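Now for the letters of each chain:
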Amino acid sequence: MREVTLPLIVDDRGALQVSAADVSKLLRTVGARWVHLVEAGQEGLDEDTVAALTIELAKLADRIDVACIAHSSGQS
């Protein structure tokens, strides 16, 4: 099942507040930061859990990117 709603975050007037590209970048940045913390030896972080969560964040970012490409090319 594929469900896409764009734009991602709008105000009460319908104006775009956060672009999908920014959300996608944020998800990837969070994952990269977690990996960096694990590599730096941050206590309390399980390497396998961080890896799994980072992968899931990247997958979500990929889905957002693909949906935006499809939307902008008229394939929604």
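Up top you'll find the structure we're talking about.
Note that the coordinates shown come from a computational prediction; the quantities given were computed from them, not determined experimentally.

K.L.:
Tell me about a negative patch on the surface, and please be specific about residues and values.
P.N.:
Among the surface-exposed residues, Glu39, Asp46, Glu47 and Asp48 lie close enough to one another that they form a single negatively charged patch. Checked against the element boundaries, Asp46 lands in the loop between α1 (20-39) and α2 (47-72).

K.L.:
Please set out the environment of Glu56 residue by residue, giving values where relevant.
P.N.:
Inspection of the secondary structure assignment puts Glu56 in helix α2. Among the residues examined, Glu56 registers a relative accessible area of 43% and is labelled partly exposed. Sequence spacing of Glu56 and Leu27 is 29 residues, and the spatial spacing of their C-alpha atoms is 9.4 Å.

K.L.:
Report on α2, specifying residues and quantitative values.
P.N.:
For α2, built from 26 residues, the straight-helix expectation of 38 Å at 1.5 Å per residue is met to within 8% by its first-to-last C-alpha distance of 37 Å. Summarising the contacts, the buried residues of α2 are in contact with α1. Directly beyond the C-terminal end of α2, a positive phi value near 80° is found at Gly74.

K.L.:
So what's going on with the packing of α1 against α2? Residues and values would help.
P.N.:
Following both chains from N to C, one finds α1 and α2 inclined at 165°, their axes separated by 9 Å at the closest point. By the angle between their axes, α1 is roughly antiparallel relative to α2. Our pair here, α1 against α2, has a crossing hand that is left-handed. Residue-level contacts link Ala20, Val23, Ser24, Leu27, Arg28, Val30, Gly31, Trp34, Val35 and Val38 of α1 to Glu47, Val50, Leu53, Thr54, Leu57, Ala58, Leu60, Ala61, Asp62, Ile64, Asp65 and Cys68 of α2. Classifying every residue of the contact of α1 with α2 gives 15 nonpolar, three polar and four charged.

What counts and how
Residues numbered from 1 in each chain as written. Predicted model: local features only at pLDDT ≥ 70, side-chain atom pairs only at ≥ 80, totals over all residues. Heavy atoms only, no water. Patch = residues over 30% accessible without salt bridge, like charges linked within 9 Å, V, L, I, M, F, W, Y side chains within 5 Å. Areas by Shrake-Rupley, 256 points an atom, 1.4 Å probe, with all protein chains shown as cover. Salt bridge = Lys/Arg side-chain N within 4 Å of Asp/Glu carboxyl O. Lys, Arg positive; Asp, Glu negative; His and termini not counted. Charge placed at Lys NZ, Arg CZ, Asp CG, Glu CD. Helix = DSSP H or I, 4+ residues; strand = E, 2+ residues; numbered from the N terminus. Buried < 20%, exposed > 50% of the residue type's maximum accessible area, 1.4 Å probe, protein only. Expected span 1.5 Å × (residues − 1). Contact = heavy atoms within 4.5 Å. Axes fitted to C-alpha atoms, helices over the stretch in contact; angles between N-to-C directions. Parallel < 35°, antiparallel > 145°, perpendicular 65-115°, else oblique. Left-handed = near helix turned anticlockwise from the far one by under 90°. Nonpolar A, V, L, I, M, F, W, Y, C, P; charged D, E, K, R; others polar.

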